[in-house]
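# Observations on the model geometry
Spelled out, the chains give:
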Amino acid sequence: MGSTQAAPVLVYGAYGHTGRFVVRELLDRGLTPILSGRDADKLRALAAGLPGPAGLEVRAASADDPASLDRALHGAGAVINCAGPFAATAAPVIEAALRARIPYLDVAAEVEAVSDTFTRFADRAREAGVVVVPAMAFYGGLGDLLATAALGDATAADEVHIAYALSSWHPTAGTRGSGQVSRSRREGRRLVYANGRLGHRGDAAPTGEWSFPAPIGDRAVVGEFTTADSVTIPRHLSAPDIHTFMTLDAVKDVLAPDAAPPAPVDERGRSAQTFLVDVTVRAGGIRRRAVVRGQDIYAVSAPLVVEAAHQILGGAVKAAGVVAPGEIFDAHAFLRSLAPHHLSYELGEPGTGAEGAGTSRR
């Protein structure tokens, strides 16, 4: 794949909460976004309010109108899909990207939608010579990169633990909508990655305590809080069990029917929410830990997906097909490239036994 880094990047769902962060990140990096989505008026309003060069191109398109998507993608170097629910938008936009033969990336957190992308498009994207990267965001891409970095040169782990500590979780309208779609598809059950596959469970999720790095320390968590990294990690790493945890207070926040959406507190529009993602892997008798800290899980998805697009368009990635982030990027270098402006990143030295690893106690 040659370098097409100067080509504009179409952002589908540009006026959504995460889409706005992605557009700003592209502009900050000197890349040209094309603003796309269903509502032309919202696109024009977004373009008028953006800093930097005037006259950003606006291309209205609907996921249920293939011809409009083809017109929108014409001349673009890549497309970043930020429009959920991704169960409805991912497939049509990927189809359009395959017709245009340009890279596709999205910020999907819907586990089923991400799994569908791998299942449905793996062969076709590879045959077309197009790279497709789903879940290149806080849920999916980040955990995958951390697990890959923690394993180093190894490609197999006996266990992977991913623990999320969120100071709060004010869900966006998109999060609520995607959650409703996922719950409907699961018929009220939970998804769990165990024994080498995703399966459903109908019992109550386990609770316990996770020892996060200082200054957070021991926190009550909900176990089996499966996110999109339980789809991306097994695509390139052998891991029979992926254990996932979310701080209990954050789960209560996101499930509260009256939870307010994120409120901006700085000039970039980020909320006050802080996060810590603690990933530990065990391979044989060796344990290793990788940790990131940052602000606003929606905002940090922008540098994650834009850095991925930047590397793909710059010719640094020689791949085709549906791929996981840790499969095609140098995970350690990728995470370091986002520090210190977007997140802090620490990779622990290998230890034996429980050294360097969080623990969960029921």
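Our subject is the structure listed above.
This is a predicted model, so every value here is computed, not measured. Each chain has its residues counted from 1, following the order in which its sequence is written. Two thresholds apply to this predicted model, a pLDDT of at least 70 for residue-level local features and 80 or more for giving and counting side-chain atom pairs, whereas whole-chain, interface and lining totals are computed over all residues. With hydrogens and water set aside, each side-chain value is computed from the structure's full complement of heavy atoms.

### Considerations on helix 9 (residues 248–255)
Burial classes follow relative accessibility: with a 1.4 Å probe on protein chains only, a residue under 20% of its type's maximum area counts as buried, one over 50% as exposed, and anything between as partly exposed. Counting from the N terminus, the helices are DSSP H or I runs at least four residues long and the strands are E runs at least two residues long. Of the residues making up helix 9, those classed as buried are A250, V251 and V254. Axial view of helix 9: buried residues confined to an arc of 100°, hence all on one face. Counted as exposed and oriented over 90 degrees from the buried face of helix 9: D249 and K252. Pairs of residues are marked as contacts when any of their non-hydrogen atoms sit within 4.5 Å. In the core, the buried residues of helix 9 are packed alongside strand 7 (159–166), helix 7 (173–186), strand 11 (218–223) and strand 12 (242–247). The arc in question is the one spanned by the directions pointing from the helix axis to the C-beta atoms.

### Quick word on empty space enclosed by the protein
The rule is simple: put a 1 Å grid over the protein atoms alone, call a set of points where a 1.4 Å probe fits but cannot get out a cavity, call an open set with protein on both sides within 12 Å along at least five of seven lines a pocket, and count a residue as lining if it has an atom within 4 Å of a point. Grid points are joined across faces, edges and corners, and a volume is the space filled by probe spheres set on the points. Applying the stated rule across the entire model yields one cavity of 30 Å³ or more. The space that makes up the largest cavity amounts to roughly 40 Å³. Residues that form the lining of the largest cavity fall into these classes: three nonpolar, four polar and no charged. Charged residues are taken to be Asp, Glu, Lys and Arg, nonpolar residues to be Ala, Val, Leu, Ile, Met, Phe, Trp, Tyr, Cys and Pro, and polar residues to be all remaining types, Gly included.

### A few points about the environment of L151
Relative to the elements of secondary structure, L151 occurs in helix 6 (residues 138–151). Residue L151 is classed as buried on the basis of its relative accessible area of 10%. Taking the C-alpha atoms as reference points, L151 and A128, separated by 23 residues in sequence, lie 31 Å from one another. Excluding anything up to four places from it in sequence, L151 contacts A156, A157, L237, V281 and A283.

### Brief notes about the environment of M246
Its place among the elements puts M246 in strand 12. Each C-alpha atom, one on M246 and one on E209, is 9.9 Å from the other, the two residues being 37 residues apart in sequence. The contact partners of M246, leaving out residues within four places of it in the chain, are Y139, Y164, L166, W169, A220, V221, V222, F225 and V251.

### Concerning the sheet that holds strand 4 (residues 78–81)
In this scheme, strands are said to pair when DSSP sees at least two bridges between them. Ordered by their spatial adjacency, seven strands build an open sheet running 3-2-1-4-5-6-15, and the pairing between neighbours is parallel. Every other strand in the sheet has two partners, leaving strand 3 (58–60) and strand 15 (321–322) as the edge strands with one partner each. With four bridges joining them, strand 1 (residues 9–12) and strand 2 (residues 33–37) adopt parallel strand pairing. Bridge assignment links V9 to a residue of strand 2, and that residue is P33. Here helix 2 (residues 40–49) sits on the sheet and contacts strand 2 and strand 3; the angle it forms with strand 3, its principal contact strand, is near 165°. To define axes, lines are fitted to C-alpha atoms, for helices over the stretch in contact only, and angles between the resulting N-to-C directions are given on a 0 to 180 degree scale.

### Observations concerning the packing of helix 3 (residues 66–73) against helix 4 (residues 86–100)
Running from amino to carboxyl end, helix 3 crosses helix 4 at an angle of 55°, the nearest separation of the two axes being 9 Å. Judged on the interaxial angle alone, helix 4 and helix 3 are oblique. Crossing of helix 3 over helix 4 shows right-handed handedness. From helix 3, P66, L69, D70 and L73 reach across to helix 4, where they touch P92, V93, A96, A97, R99 and A100. Should an angle lie under 35 degrees it is considered roughly parallel, over 145 roughly antiparallel, and from 65 to 115 roughly perpendicular; all remaining angles are considered oblique. Note: crossing handedness is left-handed where the near helix turns anticlockwise from the far helix by less than a right angle, and right-handed where it turns clockwise.

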